[in-house]
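Working through the structure, step by step
If you want the building blocks of each chain, they are given just below.
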Amino acid sequence: QVQLVESGGGLVQPGGSLRLSCAASGSIFSIATMGWYRQAPGKQRELVAVITSGGSTNYADSVKGRFTISRDNAKNTVYLQMNSLKPDDTAVYYCNAYTKIGPLYPSVDYWGQGTQVTVSS
């Protein structure tokens, strides 16, 4: 019903930058929040950043001041600009969209397939 396609991951040296993108498509009525989560090997999935349809944002303490989340509501797309990357940022990054497929339907979490970000020299 709703598909999320991520792009922009890869290998980068410490101190470098990457920009992730995630486009939502399908039977979308509205998307309340969009966000990015990450999961490192052997660890639980954790919140990185979220943004509401009105532009309010929330960040994990570990990325504040380095990462910026933004959103294009017309394109149902969310971005994550990652600067000053550290080896601890290495993880699979997942896009999330809290989405309604119709006015009478409840909002449901949809997830992308994940994109690998590796920070290493």
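Look up a bit, the structure's there.
In this report, the structure presented in the accompanying data block is examined.

Quick notes on the rules
- Residues numbered from 1 in each chain as written.
- Predicted model: local features only at pLDDT ≥ 70, side-chain atom pairs only at ≥ 80, totals over all residues.
- Heavy atoms only, no water.
- Disulfide = S-S within 2.5 Å.
- Helix = DSSP H or I, 4+ residues; strand = E, 2+ residues; numbered from the N terminus.
- Buried < 20%, exposed > 50% of the residue type's maximum accessible area, 1.4 Å probe, protein only.
- Pairing = 2+ DSSP bridges.

1. Considering the state of the cysteines
- Applying the stated rule across the entire model yields one disulfide.
- At a sulfur-sulfur separation of 2.0 Å, the disulfide partner of C22 is C95. On the S-S bond that ties C22 to C95, the torsion sits near -85°, and the link is left-handed. With C22 in strand β3 (residues 18-26) and C95 in strand β9 (residues 91-100), the pair connects residues that are 73 residues apart, well separated along the chain. For the residue pair C22 and C95, the accessibility class agrees, reading buried in each case.

2. So, the pairing of β9
- In terms of burial, β9 is largely enclosed, as seven of its 10 residues are buried.
- Relative to β9, strand β4 (residues 30-39) runs antiparallel, the two being bridged by nine bridges. Pairing of G35 across the sheet is with N96, part of β9.
- With four bridges connecting them, β9 and strand β10 (residues 108-111) associate as antiparallel partners.

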